[in-house]
Amino acid sequence: RMMNKKIAHRMKLLAIMSGLLIVILSGTALAGDLPGVQQLIDDYLAATGGEDAYLAHKSMTITGTFELPAMGIAAPLITYQALGGLSYTKIESAAIGVIESGSKDDVYWEKSMMGGTKIKEGEEKAMAVRTNDLHMWLNWKDYYTGGEVTGTEEMEGHNCYVIVLTPKEGKPETSWVDTESKLVI
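Scope of this entry: the structure provided in the associated data block.

How each quantity is defined
The residue numbers shown here count from 1 along each chain, following its written sequence. Local features in this predicted model are restricted to residues whose pLDDT is 70 or higher, and side-chain atom pairs enter the listing and the counts only when it is 80 or higher, whereas totals over whole chains, interfaces and linings include all residues. Only hydrogens and water are set aside; all other atoms, that is, all heavy atoms of the structure, feed into the side-chain values. Between the rings of Phe, Tyr and Trp (Trp by its six-membered ring), a pair exists once the centres lie within 6.5 Å; its type follows the angle of the planes, with under 30 degrees stacked, over 60 edge-to-face, and the other angles tilted. Each helix is a run of H or I in the DSSP string that is no shorter than four residues. Each strand is a run of E no shorter than two, and both are numbered from the N terminus. Remark: exposure states derive from per-residue accessible area (1.4 Å probe, protein chains only) relative to the maximum for the residue type, with buried under 20%, exposed over 50%, and partly exposed in between. Each pair of strands is called paired provided DSSP finds at least two bridges between the two strands. In this analysis an axis means a line fitted to C-alpha atoms, helices contributing only their contacting stretch, and an angle means the value between N-to-C directions, from 0 to 180 degrees. Throughout this description, the term nonpolar core refers to a set of buried Ala, Val, Leu, Ile, Met, Phe, Trp, Tyr and Cys residues connected via side-chain atoms within 4.5 Å. Any two residues whose heavy atoms approach within 4.5 Å at even a single point are treated as in contact. Side-chain atoms alone can form a polar contact between residues adjacent in sequence; in general such a contact is a pair of N or O atoms within 3.5 Å, and within protein one must be able to donate a hydrogen while the other accepts it.

Glancing now at the packing of aromatic side chains. Per the counting criterion, the structure on display carries two aromatic pairs. Taking 6.4 Å as the distance between ring centres and 40° as the angle between the ring planes, the aromatic pair formed by Tyr88 and Trp109 counts as tilted. Residue Tyr88 is found in strand β3 (residues 86–93), and its partner Trp109 is found in strand β5 (residues 107–112); the two are separated by 21 residues along the sequence. Owing to a relative accessible area of 26%, Tyr88 belongs among the partly exposed residues under this scheme.

Laid out in structure tokens, this is it:
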């Protein structure tokens, strides 16, 4: 009878281990089906005009709306950027006043009614340098130590790959890339 209990116990362990192996192998197969970070960046660059178009890009103007939905705030936003680290952004709202930020040479700054005027340093400056590079997706390895595609999820009605990039300075950053259009959402 003792021998039967040992055999039954070993059979249970074998069944559990087999189940775990199937789960692990299934997870590996699923992860293997995901594209790599560089592939998704290459696809994004191709979907938005290709490397030559990016290199021809010398400046840009962005207009939009800055929103803090939980506070019921929506304000117009305008950003100007040019090669060489030049940038200027202005957000103007009756609720939060005027927020300005910009850069010239290696100086990144911000001015607001709530925070006053300050020169950005450390992680905050590193993030500003990344986001102000017109060719950031071409130069992403200059700013990040690596990244991984962690899976897929729905974002704003789009099925997206989830990319987590680890900056050389700062916390990991998550981006979502539409699985069909290859555009960053």
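Let us keep going from here.
With that settled, consider the sheet that holds strand β9 (residues 173–178). Strand order across the open sheet formed by three strands is β7-β8-β9, with antiparallel pairing between neighbours. Every interior strand has two partners, whereas the edge strands, β7 (144–155) and β9, have only one. With direction set aside, neighbouring strand axes in the sheet form an average angle of 25°. Pairing of β7 with strand β8 (residues 158–167), which is carried by 10 bridges, proceeds in the antiparallel orientation. Looking at β8, one finds that Val149 is bridged to Ile163.

This brings us to the nonpolar core. Generally speaking, soluble globular proteins have nonpolar side chains that are buried together. Core analysis: the biggest nonpolar cluster contains 16 residues, and Val37, Trp137, Trp140, Ile163 and Leu165 have the highest contact counts within it. For this core, the element with the highest residue contribution is helix α2 (residues 37–47), accounting for five residues. Residues within four places of Val37 in sequence aside, it is in contact with Trp140, Gly147, Glu148, Val149, Ile163 and Leu165.

Another aspect to go through is the sheet that holds β3. In spatial order, the strands read β1-β2-β3-β4-β5-β6; together these six strands make up an open sheet with antiparallel pairing. The open sheet has two free edges, formed respectively by β1 (59–68) and β6 (116–119), since each of these has just one partner strand. Averaged over all neighbouring strand pairs, the angle between strand axes comes to 10°, with direction disregarded. Here β3 pairs with strand β4 (residues 97–104) via seven bridges, running antiparallel. Directly across from Glu92, in β4, lies its bridge partner Val98.

It is worth spelling out the environment of Val149 at this point. Secondary-structure assignment places Val149 in strand β7. A relative accessible area of 14% means that Val149 is categorised as buried. Between the C-alpha atom of Val149 and that of Gln38, which follows or precedes it by 111 residues, the distance is 9.8 Å. Not counting residues within four places of it along the chain, the set of residues in contact with Val149 comprises Leu34, Pro35, Gly36, Val37, Leu40, Tyr161, Val162 and Ile163.

With that settled, consider the side chain of Ser93. Positionally, Ser93 belongs in strand β3. By relative accessible area, which is 13% here, Ser93 ends up buried. A distance of 3.0 Å separates a polar side-chain atom of Ser93 from the backbone nitrogen of Ala95. For Ser93, the side chain forms a polar contact with the main-chain nitrogen of Ile96, separated by 3.4 Å. Non-local contacts of Ser93, meaning those with residues more than four positions away in its chain, are made with Ile73 and Ala75.

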